[in-house]
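Tertiary structure, described
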Amino acid sequence: MQPKLIKSAGIVWTILYAAFVVWIYATAPRTFTEATTGASVVAGTYAIDEARFRAARELFGREQYAAARDEWVRADPAMRDARTQFYIAYAFYREGWGRVYNDDALFRQGLESIERAIRLSPEGALTVADPELKIRSAAELKAELQQGTESSIGDLNPLKVVRERK
Amino acid sequence: MKNQRDSNRLLVRHLLLPTIFLTVALMGGLRVAAETGAFLFIAPPLVALVLSVLLMLLFARGGLINLPAWFSGDHAPLTNVSHALTLLALFFASAQAFNSVLPESGLFRWMFAFFYLWTLWNNQFAAFEPRRLLRSLAALFGTAFVLKHMLLASLYAPDGGWLKRLAGALLEGFTQGTFGVQESYAPATGYISFFTLALYVLGLVLVPPAPDNGDAATAPERATGGLVAQFRQLSGEERALLRAEILRTERGLIEDEIHATQTD
């Protein structure tokens, strides 16, 4: 074998392997599955589990929000799909919404998910074409969640009880 | 046959060695959580980097790595780059080898770090030759492995290892029979550390002190370089014997020449 070829191959291999080691320490996967999912994200071959996504959507339709979120998390373990993150945020919103007061903890988790969805979507604009949803844009859902976590004088308005969940 | 040998040497130096050292760098920080079985990747602490610097200096001083032979203006750029990457991989492998045998926290961590620093600092001023240095390092890492993964692991075992019971009995009356808190890992961590250290020592054995480079050196130069490298691997006593033998042979040749001149 040509010495030059061996040296070149050695350099390329060493750089690639070193990058892999750095990536492993940066992402710190806790299981082999996490590592392979992360690798598929880097390789650009990552795709969510569509069957699980649909199952979660059905649960969401039946108002089983916690179960739906669990399924969506399994469908998108790397949290790289903007649409799935939008639905997770929506599930937090629906579950946390209250006629008298909202569940702040759930709303905050919803905010985290919707911000992730916005970051993942191209140009930060995400719209979901789902006729059964009253909020279809990520920006609108984020505003709704933010409003829910903030305290204002409007919270004392008795007419608040007649507002409707979106 | 010779070409095949040269190819194999190049493969070892430019492909196998970086692979071994990077694998050590990968596995050296890996722990397995006792309760969940999850992987925990622990980046090398600062003290491990300092220890690694000292170890690299020791490699250079002890002749395990002959730096002028590894980096030279006579080498092709590809060779120098490849050597630099290999030594960089060795540096991080050394840091991770220390990381693998350093306790994660507490007083023991600092005691171990001090013990390594003291040993490496003392060794900087000792006369070493590569083979003895390798034996010394194998002993250092072997001892550290036994201390951390067998003695300390037993001392902090959640179910109370034999050493914990013994220490508890000995220290009864002085303390509450405990040594503070230390994270406990799954037994797999010890196995990972064992193979990591074994791989690291194997890598060190494979490191040529003065790599002969197929690009610039001619065959006689390479042969001479090889002889010099082999000479450096000898112990002091063996070197003295070899020098005496060479002198005796040379003296005999000179006497023969003088005798032949006088006869003419």
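About the thresholds
- Residues numbered from 1 in each chain as written.
- Chains lettered and ligands numbered in written order.
- Predicted model: local features only at pLDDT ≥ 70, side-chain atom pairs only at ≥ 80, totals over all residues.
- Helix = DSSP H or I, 4+ residues; strand = E, 2+ residues; numbered from the N terminus.
- Buried ≥ 20, exposed ≤ 12 C-beta atoms within 10 Å, placed from the backbone.
- Contact = placed C-beta atoms within 7 Å.
- Expected span 1.5 Å × (residues − 1).
- Arc of directions from axis to C-beta.
- Axes fitted to C-alpha atoms, helices over the stretch in contact; angles between N-to-C directions.
- Parallel < 35°, antiparallel > 145°, perpendicular 65-115°, else oblique.
- Left-handed = near helix turned anticlockwise from the far one by under 90°.
- Nonpolar A, V, L, I, M, F, W, Y, C, P; charged D, E, K, R; others polar.
- pLDDT = per-residue confidence, 0-100.
- Core = buried A, V, L, I, M, F, W, Y, C linked by C-beta atoms within 7 Å.

**Re the overall build of chain A**
- Within chain A, the secondary structure is distributed over seven helices and zero strands.
- In sequence order, the secondary structure elements of chain A are arranged as α-α-α-α-α-α-α.
- The buried share among the 166 residues of chain A stands at 28%.
- A sequence separation of at least 24 residues applies to 56% of the contacts in chain A between residues at least 6 apart.

**Points about the overall build of chain B**
- On a plain count of helices and strands, chain B comes out with 10 helices and two strands.
- Taken from the N to the C terminus, the helices and strands of chain B come in the order α-β-β-α-α-α-α-α-α-α-α-α.
- Looking at chain B residue by residue over its 264 residues, the buried ones come to 27%.
- For chain B, the share of sequence-separated contacts (at least 6 apart) that also reach a separation of at least 24 residues comes to 78%.

**Looking at helix 8 (residues 187-206) of chain B**
All names here are of chain B.
- Taking 1.5 Å as the rise per residue, helix 8 with 20 residues should run 28 Å; its terminal C-alpha atoms sit 29 Å apart, in good agreement.
- Every buried residue of helix 8 is listed here: Thr189, Ile192, Ser193, Thr196, Leu197, Tyr200, Gly203 and Leu204. Down the axis of helix 8, the sector holding all buried residues measures 130°, keeping them to one side. Turned more than 90 degrees from where helix 8 packs its buried face, Pro187, Tyr191, Leu202 and Val205 sit exposed.

**Topic: the interface of chain B and chain A**
- With 23 residues of chain B at the contact, the number on the chain A side is 20 residues.
- Elements represented by at least two residues in the side of chain B that touches chain A include exactly helix 1 (2-27), strand 2 (39-41) and helix 4 (77-101) of chain B.

**Things to note about the environment of Val162(A)**
All names here are of chain A.
- Relative to the helices and strands, Val162 resides in the segment after helix 7 (138-149).
- A residue is classified by how many C-beta atoms lie within 10 Å of it, and Val162, with 7 of them, is exposed.
- Through-space distance from the C-alpha of Val162 to that of Arg99 is 7.4 Å; in sequence the pair is 63 residues apart.

**Details of helix 2 (residues 32-43) of chain A**
- Over its 12 residues, helix 2 of chain A runs 16 Å from end to end, which matches the ideal 16 Å to within 8%, given 1.5 Å per residue.
- Gly44(A) lies just past helix 2 of chain A and shows a positive phi near 80°.

**Examining the packing of helix 3 (residues 50-61) of chain A against helix 4 (residues 65-75) of chain A**
Residues and elements named next belong to chain A.
- Where helix 3 contacts helix 4, the axes come no closer than 8 Å and their chain directions differ by 165°. It follows from the interaxial angle that helix 3 and helix 4 lie roughly antiparallel. Crossing of helix 3 over helix 4 shows left-handed handedness. Contacts between helix 3 and helix 4 involve Arg52, Phe53, Ala55, Ala56, Leu59 and Phe60 from the former and Tyr65, Ala67, Ala68, Glu71, Trp72, Arg74 and Ala75 from the latter.
- For the contact of helix 3 with helix 4, the per-class residue count stands at 10 nonpolar, no polar and three charged.

**Notes on the environment of Val32(B)**
All names here are of chain B.
- For Val32, the location among the structural elements is in strand 1 (residues 30-32).
- Taking C-alpha positions, Val32 is 5.8 Å from Tyr185, a pair spaced 153 residues apart along the chain.
- Not counting residues within four places of it along the chain, the set of residues in contact with Val32 comprises Gly37, Phe39, Tyr185, Ala186, Ala188 and Thr189.

**Describing the confidence of the model for chain B**
Residues and elements named next belong to chain B.
- Put simply, chain B has an average pLDDT of 83, and 84% of its residues get 70 or more.
- In the model of chain B, helix 7 (residues 162-171) stands out as the element of lowest mean pLDDT, 63, in contrast to helix 4, which has the highest, 94.
- Interface confidence for the predicted complex, expressed as ipTM, amounts to 0.74; the pTM equals 0.70.

**Focus on the nonpolar core**
- Formed by 41 residues in total, the largest nonpolar core has its most connected members in Phe21(B), Val24(B), Ala25(B), Ala89(B), Ala93(B), Ala97(B) and Phe98(B).
- When contributions to this core are tallied by element, the ones reaching two or more residues are helix 1 (3-27) of chain A together with helix 1, helix 2 (46-62), helix 4, helix 5 (106-123), helix 6 (130-155) and helix 8 of chain B.
- It is helix 4 of chain B that provides the largest number of residues to this core, a total of 10 residues.
- In contact with Phe98(B), not counting residues within four places along its chain, are Ala48(B), Leu51(B), Ser52(B) and Tyr116(B).
- Core analysis: the second largest hydrophobic core is formed by 25 residues, Ala75(A), Ile88(A), Ala117(A) and Leu141(A) among them.

**Observations concerning the environment of Thr33(A)**
- Structurally, Thr33(A) is set in helix 2.
- For the pair Thr33(A) and Pro77(A), spaced 44 residues apart in the sequence, the C-alpha separation amounts to 9.4 Å.

**Section: unusual backbone geometry**
Residue and element names in this part refer to chain A.
- Phi at Ala28 is positive, roughly 45°, even though this residue is not glycine.
- The residue Ala28 is located in the loop between helix 1 and helix 2 in this model.
- Overall, the presence of 16 C-beta atoms within 10 Å leaves Ala28 in the partly exposed class.
- A positive phi angle, near 65°, is found at Glu63, a position not held by glycine.
- Position of Glu63 among the secondary structure elements: in the loop between helix 3 and helix 4.
- Here Glu63 falls in the exposed class, since 11 other C-beta atoms lie within 10 Å of it.

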